[in-house]
Each structure stands twice: as structure tokens, then as C-alpha cells.
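One letter stands for each residue in the lines below.
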Amino acid sequence: MVDCNDSGLGRDYKLSPIIKSVYEVLTANHLVKRGLDFIKADDETTLKDQITICEIPAPTFKEEMRAGYYMDQLVAAGLDHVEMDSTGNVFGILQGTGKGPKLLVAAHLDTVFPEGCDVTVIHKNGRYYAPGIGDNSKGLAALLSVVRAFRDTRIKPIGDIIFCGNVGEEGLGDLAGIKAFFRDNADVDGFIAVDGVGSKDIVYLATGSRRYEVTYRGPGGHSFSTFGVPSAIHAMGRAIAKIADVKTPRDPKTTFTVGTVSGGTSVNSIAAEAAMLIDMRSNATEELLKVEAKALEAVRLATYEENARWQSDSITVDTKLIGDRPAGNQAPDSVIVQAAYASIQALGNTPYLEGPLSTDANIPIALGIPAICLGGGGRGGSAHSPDEWYENVDAYLGPQSIFLTILGLVGADGMSKPLLP
Ligand SMILES: [Zn+2]
């Protein structure tokens, strides 16, 4: 039914008759209209929230302070029981009328910026500058506005909605917060991640990644007087040369890189230790496992060859998995993508179906649970850099599209049945 063009613009995207009729009903309903008006009028409060959140540091693994603040904000926005789980995620439930699907809506709390990084927001020439101002202060603030819209309109969802600020999305966090949530809550039927800026993009495909820390160890010694023993750096060099020659397919896109190297003590020492970090990614699990097997084989062979070169067995290698994000896909015409598409379109925008990315949605997508990632609204750039910026332009369109998408998915009492099974 869906014929998505290659550019991902979705110009030929077709909504199913069921989705169309649900969104005709929803967008004509006076309470839904009131919710959309509320979010627009709430824009200034949302911007203030975004700035306040941004100025509370939250490096991955050190989100407690921001999590504590966010818990209070979820309560203030209208949720009754807000709690923190053992992983550090904070969440509250908006109870449905019963027998509906359970939807998790989450924005990640953490940033890529280390402790001590200046997170003061600077307003200059219409732009807000601060590390983390968009990713993900915007997502967290947008989610609060959506909760307030439910409180203001008193719309009763049919399915339960869990609103969550989650930990561990970035870098070595390795999606720990959402992994734990789905491990501990097997009854979640759908997932929306609210991440960063924008109000037109729909991420529905998941790029998987595997990351390793590889450490070679050997006897070490003086470069002249001990010459004749294997070197940890030489062993690692052999491994890197082999990894550099690995062939991967263009489609599904599969990539690898040795991102960092370290080791040795001085120019005139045979290295006793050398370490590297390897990053591998693919849009298909099968290809990810293939490139991983090739890289690990290169690591083992290099150990063998360096030892054989000096008739030794003193070089050893340690490989440690430090990142594991599953790949996955779902149909572009799946119900959750259609609901988001219809919502964005209903607000007068042309939705954009993104290519595969690495987001919190990877976890449910890999589990076969409908999941997407949407932006929190507004415009921005230079994410993950200290120059990150944000413009509060038509920012309310973000929370408005999230509000509409949620309503379609979980249904609303007296308006529409849930689209999610
Ligand atoms: Zn993010």
C-alpha cells in the first residue's frame, strides 16, 4: 500500500482508510482542538522548562540531579504517582479507562557532556546556545507540555500512557535505561522516544552497533637489549591492518572503525600493553554479526602471528564488549508510523521518514514492539558539540504532533478506539 520514495520524503506515502478516519475524528473533536491550543499557549512555559532543564548537568551515568528535578516536574504537570526505578529512570502513568494498549513515551535525561562542562544557556540574536539545549532538553520539555495538555483537557485515554525521563541513552550508556525498562515491563505495547529538535521527522528504523575494547599485553622490555620478544603494539598493528581490509556491504549499510588507540611507554621500549576501541554498525543484525566475527578473528589471528614471529606465546589479548545496540526494522506503513505521519500532516507539515538511526527506539524495534522517535519541536544544530544551538520557531508543533500521535495510538474515551493492538 505504501510506496515510499527513495529520498525518504514520503511524497507518495498513503495513509490507510482507518488511520485517516481516526484522525478526521480526532482533529474535529473540541477537546483535542483545545489540547492543541493549550500546547501552543504553553510554548513560553515549555521554553522556560527547556532552559532550566539544560542548566542542570546530566552526564550519562550521572543523571540523578536532573532526574530528581524531572520527577517533580512530572508531578507538577499532572501525573499522580511518579517513581524512580532501580536504573534511575523516572516515570508516571496516566491511567487509561481500561483494556487498552500500554504506551511508553520517553525522553532521555542524559547528555554527552562531561561533569564540569558549562551548561549555562546564552541567548544571542534569537538563538539559545548551550551544550544539550536541543538534545535532549527540548525533548524533556516537550514531553511535560504534552502531560499538561492531558491535564488541561481531561481527555481520558483508553490505553495507559507512561511518561518517562530515562537514563543512559548516549554513548557508553548504551541505551541502558530503556533496555532496563523493557526488561522489567514486558507488557508495553508501543513506544515513542522524544529526542532533540524538529517536528517533521519520523525515525522508525534502527541501526545496530557493537563496540569493543581490545587490549594486548606482552612481556615488554628494552628496545635494544630485550629485542627478540613480541610487542603488544606490533600485535595490535597487525590486527588493525586486517580490520582495515574487512569488506562490508553498502546495503544494508554496515561500517567499522578503530576509533582510538593507546599503549606503550616510550620510544625505546617494546610495548607491554596496547589498547584500541572498535565501533561497528549495521542496519541489519546479520551483517553486524558478520563484521563483528571478522574483526574478532583479526584480533585473534594478530595475536597468533605476533607470537609466531618470535616463537613465543607471551602476547595475550582481552576483548571486552562495551556497546551493544540491536538493529531492527519495521514496515513504513506500520500503524505507529502511520499515526505519527497523520499527526504531523494534520498540523500542516510534510512528514519526513528518516533513514535508520541509533535511538532509544532501537530496543523495542528489535523486540518487535512498534516504536518511533519524534522531535520535540523547534530548530537547532551542532548537537553533541559545545556550540549546540536552538531556535524557538514554531516549537509547539513538536509537542502537538506527539499529543496527536499518542491519542491515535491509545485511543480516547468517546472519540476513537486505540490504533495500537
Ligand atoms: Zn538525544
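Note that the coordinates shown come from a computational prediction; the quantities given were computed from them, not determined experimentally.

### Observations concerning the overall build of the chain
- Of regular secondary structure, the chain possesses 11 helices and 18 strands.
- Against the globule reference of 22 Å for 421 residues, the chain gives a C-alpha radius of gyration of 24 Å, in line with a compact fold.
- Looking at the chain as a whole, 50% of its 421 residues are labelled buried.
- Taking all contacts inside the chain whose residues are at least 6 apart in sequence as the whole, residues at least 24 apart take part in 79%.

### Considering the sheet that holds strand β3 (residues 103-108)
- Taken together, eight strands build an open sheet; the order of strands is β1-β2-β6-β3-β7-β16-β8-β15 and the sheet is mixed. Looking along the sheet, the strands with just one partner apiece sit at the ends: β1 (82-84) and β15 (352-353).
- Relative to strand β16 (residues 371-374), strand β7 (residues 190-194) runs parallel, the two sharing four bridges. Bridging from a neighbouring strand, V194 pairs with L374 of β16.
- The sheet strands contacting helix α5 (residues 137-153) are β2 (90-94), β3, β6 (161-166) and β7, and the helix crosses β3 at an angle near 140°.

### Focus on the pairing of β7
- Among the five residues of β7, five are classified as buried, and the element is accordingly described as predominantly covered.
- Going residue by residue along β7, you find G190, I192 and V194 tucked away on one face and F191 and A193 tucked away on the opposite face as well.

### Here's the deal with the sheet that holds strand β18 (residues 389-391)
- Taken in spatial order, the four strands make up an open sheet running β4-β5-β18-β17, and their pairing is antiparallel. Each having just a single partner strand, β4 (122-124) and β17 (379-381) make up the two edges of the open sheet. Direction aside, neighbouring strands of the sheet carry axes that sit 25° apart on average.
- Looking at chain direction, β17 and β18 are connected through three bridges and run antiparallel. In the sheet register, G380 faces β18, and the bridge partner there is Y390.

### Topic: helix α7 (residues 232-244)
- Under the 1.5 Å per step criterion, the end-to-end length of α7 is 18 Å for 13 residues, consistent within 8% with the ideal 18 Å.
- Turning to α7, its buried residues are A232, I233, H234, A235, M236, R238, A239 and I243.
- In this fold, the buried residues of α7 make contact with β9 (208-217), β11 (254-263), β13 (273-282) and α8 (285-309).

### Comments concerning the domain arrangement of the chain
- When the domains of the chain are assigned, the result is domain 1 (17-206 + 328-410) and domain 2 (208-325).
- With centres defined by C-alpha atoms, the gap from domain 1 to domain 2 works out at 39 Å.
- With eight residues of domain 1 in contact, the opposing surface of domain 2 contributes seven residues.
- Split into classes, the residues belonging to the side of domain 1 that touches domain 2 amount to five nonpolar, two polar and one charged.

### Focus on unusual backbone geometry
- Going from D135 to N136, the amide bond is cis rather than trans, its omega being 15°.
- Mapped onto the elements of the fold, N136 is located in the loop between β5 (127-129) and α5.
- Of note in the backbone geometry, Q311 takes a positive phi value of approximately 40° without being a glycine.
- In this fold, Q311 is placed in the loop between α8 and β14 (316-325).

### Quick notes on the pairing of β16
- Here β16 shows a buried face lined by A371 and C373 and a second buried face lined by I372 and L374.
- Judged from the two bridges that link them, strand β8 (residues 201-203) and β16 form a sheet pairing that is antiparallel. Directly across from I202, in β16, lies its bridge partner L374.

### Comments concerning the confidence of the model for the chain
- Of the residues in the chain, 97% have a pLDDT of 70 or more, and the chain-wide mean is 95.
- Taken together, the stretch residues 1-9 has pLDDT below 50 and engages in 20 contacts with residues farther than four places along the chain or on a different chain.

### Comments concerning the packing of helix α4 (residues 64-77) against α5
- Running from N to C, α4 and α5 cross one another at 25°; their axes reach a closest spacing of 8 Å. Judged on the interaxial angle alone, α5 and α4 are roughly parallel. Residues Y70, Q73, L74 and A77 of α4 lie in contact with α5, whose contacting residues are L140, L144, V147, R148 and R151.
- Taken together, the residues of the contact of α4 with α5 break down into six nonpolar, one polar and two charged.

### Regarding the packing of helix α9 (residues 335-346) against helix α11 (residues 397-410)
- Contact pair α9 / α11: the axes reach a minimum separation of 8 Å and the direction vectors enclose 135°. The angle between α9 and α11 places the two elements in the oblique class. In terms of crossing hand, the pair formed by α9 and α11 is right-handed. Residues I336, A339, A340, A342, S343, I344 and A346 of α9 form the contact with α11, whose participating residues are S401, L404, T405, G408 and L409.
- Class assignment for the residues of the contact of α9 with α11 results in eight nonpolar, four polar and no charged.

Analysis parameters
- Residues numbered from 1 in each chain as written.
- Predicted model: local features only at pLDDT ≥ 70, side-chain atom pairs only at ≥ 80, totals over all residues.
- Helix = DSSP H or I, 4+ residues; strand = E, 2+ residues; numbered from the N terminus.
- Rg over C-alpha atoms; globule rule 2.2 N^0.38 Å.
- Buried ≥ 20, exposed ≤ 12 C-beta atoms within 10 Å, placed from the backbone.
- Contact = placed C-beta atoms within 7 Å.
- Pairing = 2+ DSSP bridges.
- Axes fitted to C-alpha atoms, helices over the stretch in contact; angles between N-to-C directions.
- Expected span 1.5 Å × (residues − 1).
- Domains from an automatic or database assignment.
- Nonpolar A, V, L, I, M, F, W, Y, C, P; charged D, E, K, R; others polar.
- pLDDT = per-residue confidence, 0-100.
- Parallel < 35°, antiparallel > 145°, perpendicular 65-115°, else oblique.
- Left-handed = near helix turned anticlockwise from the far one by under 90°.

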